[in-house]
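# Coordinate analysis (summary)
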Amino acid sequence: MKEIILTVNPKLEDKFKKGFPLISGDALASTAGLEEEGSIIKLVDRRKQFIARGYYGKQNKGLGWILSWKEQERIDQGFFERKLNNAISQRLGFYQSDETNAFRVFNGEGDGIGGLTIDYFNGYYLINWYSEGIYQFKNDIILSLKQLVDSKGIYQKKRFAQSGKYIDDDDFVTGERAEFPLIVKENGANFAVYLNDGAMVGVFLDQRDVRKLIRDKYAEGKTVLNTFSYTGAFSVFAALGGAVKTTSVDLANRSEAKTIEQFSINGIDYEEQDIIVMDVFNYFKYAVKKQLKFDMVILDPPSFARSKKHTFSAAKDYTDLLKQTIAITEKNGIIVASTNASSFDMKKFKSFIDKAFKESGSAYKLMEEFSLPEDYRTISQFKQGDYLKVVFIQKIK
Ligand code: SAH
């Protein structure tokens, strides 16, 4: 691959020199020469001195990622192998766990290669390529992975069609094909995952610690409403923790069968739980009309979603979502408010919470706070990378 030399905006030289990894269009004096994704970019300052080397790969976040701040370091198979090896050696505790066999092995820029993640699912690996650019390095990266680990098989997701969407191909790469559902373990519970069936595999591993706390500390004896429930992962942990009943609400038709499956593989009778296919915003109206209230409500919406009647954007509408939730939460009940929106930080998220309670004439206490778990490594130079924000809130009035 040829190397394209680009000059960084003088104002941003220091930021890049200190380790900021994302190359965005407005950080560059010019983007001339950027044509082929996967090309190597050499960033220089206004005196043409080397700052860093990265690759060109378009994502919604930017134009590419820095890979190395060492002028002599080459971006070759050895480079990828070193990065992967380092990431793997930081997750040995997960590899050795008897309780959990699904975790993130490689977390993009947090592990030194933006645009690439690798997850482990009970012997199988799933690689996510977030741009055409990073996909150009697939041979080196897959070879490195095969040399470093014993895998049963490797799958991949290409998340770089127009507008960063998922490309629906056969996702199998090499090794042995898994039988689906593949059953994985998380803190002793089971999840059914599908590595070859669309962009989402059935569970979001970044909520592992949140699920555990719900099971171990908050669920016992509670009625639990799980909104935007997807495959019901939070409901499963609440039920395992002794919830008297869970109600899972998601508008996707597939969510019902998927949630039944997750309950069943955990020995929970799904007929004693409610699984409702419905727009959450309609469900709130229904609950108010029927005067339903819950001891615990879990909110984990996508950052952005469009349904027939509603457009939901976490940045704009989270306060309103909380107000509707407060109205159907029992006094002393718990609201688990979660968002993966990277466009605002924890401080802002807490301001939404404060506003919602004030405008509801209600009062609250913050009980717990989470960001990404240990296996989702992040770096201090790129705060946006730590996108997850979860707060447990007690409604005290
Ligand atoms: N909380 C889930 C993950 C949520 S993924 C978990 O822990 O696994 C987002 C989900 O929100 C998707 O399943 C999608 O179908 C659902 N969704 C999006 N908009 C919705 C709406 N208006 N009402 C109900 N569900 C919605």
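Keep in mind that this is a model prediction, so the values were computed, not measured.

## So, the domain arrangement of the chain
- Entries for the chain in the domain assignment read domain 1 (3–68), domain 2 (77–187) and domain 3 (204–395).
- Distance between the C-alpha centres of domain 1 and domain 2: 26 Å.
- Contact with domain 1, which involves 13 residues of that partner, is made by 14 residues of domain 2.
- When domain 1 packs against domain 2, the two sides together hide about 930 Å² of surface, and 67% of this comes from carbon and sulfur.
- On the domain 1 side of the contact with domain 2, Glu-37, Tyr-55 and Leu-67 bury the most area, a combined 50% of that side's loss.

## Focus on the sheet that holds strand E9 (residues 153–158)
- With mixed pairing, the five strands of this open sheet are ordered in space as E6-E7-E8-E9-E10. Looking at strand neighbours, the two that pair on one side only are strand E6 (102–107) and strand E10 (172–175), the edges of this open sheet. For this sheet, the mean inter-axis angle between neighbouring strands, taken without regard to orientation, is 20°.
- By the bridge criterion, five bridges tie E6 to strand E7 (residues 116–121) in an arrangement that is antiparallel.

## Some words on the site of the ligand
- Residues in contact with the ligand amount to 16 residues; listed here are only the nearest, Phe-228, Asp-250, Leu-251, Val-280 and Asp-300.
- In this structure, a nitrogen atom belonging to the ligand sits 3.2 Å away from a main-chain N or O atom of Leu-251.
- Note that a nitrogen atom of the ligand is positioned 2.7 Å from one of the side-chain N or O atoms of Asp-300.
- Within the complex, 91% of the 580 Å² of free accessible area of the ligand lies under protein.
- Residues belonging to the shell around the ligand are distributed by class as follows: eleven nonpolar, one polar and four charged.

## Considering the side chain of Gln-207
- Here Gln-207 shows up in the loop between strand E12 (189–193) and helix H6 (208–218).
- Not counting residues up to four positions away in its chain, the partners in contact with Gln-207 are Phe-234, Asp-300, Ser-338, Leu-388 and Val-390.

## Considering the packing of aromatic side chains
- This model, assessed by the stated rule, comprises 31 aromatic pairs.
- Their ring planes at 70° and their centres at 5.3 Å tell us that Tyr-155 and Phe-172 sit as a pair that is edge-to-face. One end of the pair, Tyr-155, is in strand E9; the other, Phe-172, is in strand E10, with 17 residues separating them in the sequence.
- With 5.6 Å between their ring centres and 70° between their planes, Tyr-155 and Phe-180 make a pair best called edge-to-face. With Tyr-155 in strand E9 and Phe-180 in the loop between E10 and strand E11 (182–186), this residue pair connects regions lying 25 residues apart in the sequence.
- Ring pairs connect the aromatic residues Phe-228, Phe-281, Phe-284, Phe-312, Tyr-318, Phe-344, Phe-349 and Phe-352, which therefore count as one cluster.
- A cation over an aromatic ring shows up here: Lys-15 above the ring of Phe-20, its NZ or CZ 4.2 Å from the ring centre.
- Here Lys-138 stacks its cationic end above the ring of Tyr-135, 4.5 Å away from the centre of that ring.

Thresholds, definitions, all that
- Residues numbered from 1 in each chain as written.
- Predicted model: local features only at pLDDT ≥ 70, side-chain atom pairs only at ≥ 80, totals over all residues.
- Heavy atoms only, no water.
- Domains from an automatic or database assignment.
- Contact = heavy atoms within 4.5 Å.
- Buried area = accessible area lost by both parts, 1.4 Å probe.
- Pairing = 2+ DSSP bridges.
- Helix = DSSP H or I, 4+ residues; strand = E, 2+ residues; numbered from the N terminus.
- Axes fitted to C-alpha atoms, helices over the stretch in contact; angles between N-to-C directions.
- Near = heavy atom within 4 Å.
- Polar contact = N/O pair within 3.5 Å; in protein donor to acceptor, adjacent residues only side chain to side chain.
- Areas by Shrake-Rupley, 256 points an atom, 1.4 Å probe, with all protein chains shown as cover.
- Nonpolar A, V, L, I, M, F, W, Y, C, P; charged D, E, K, R; others polar.
- Phe/Tyr/Trp six-rings, centres within 6.5 Å; stacked < 30°, edge-to-face > 60°.
- Lys NZ or Arg CZ within 6 Å of the ring centre and 35° of its normal.

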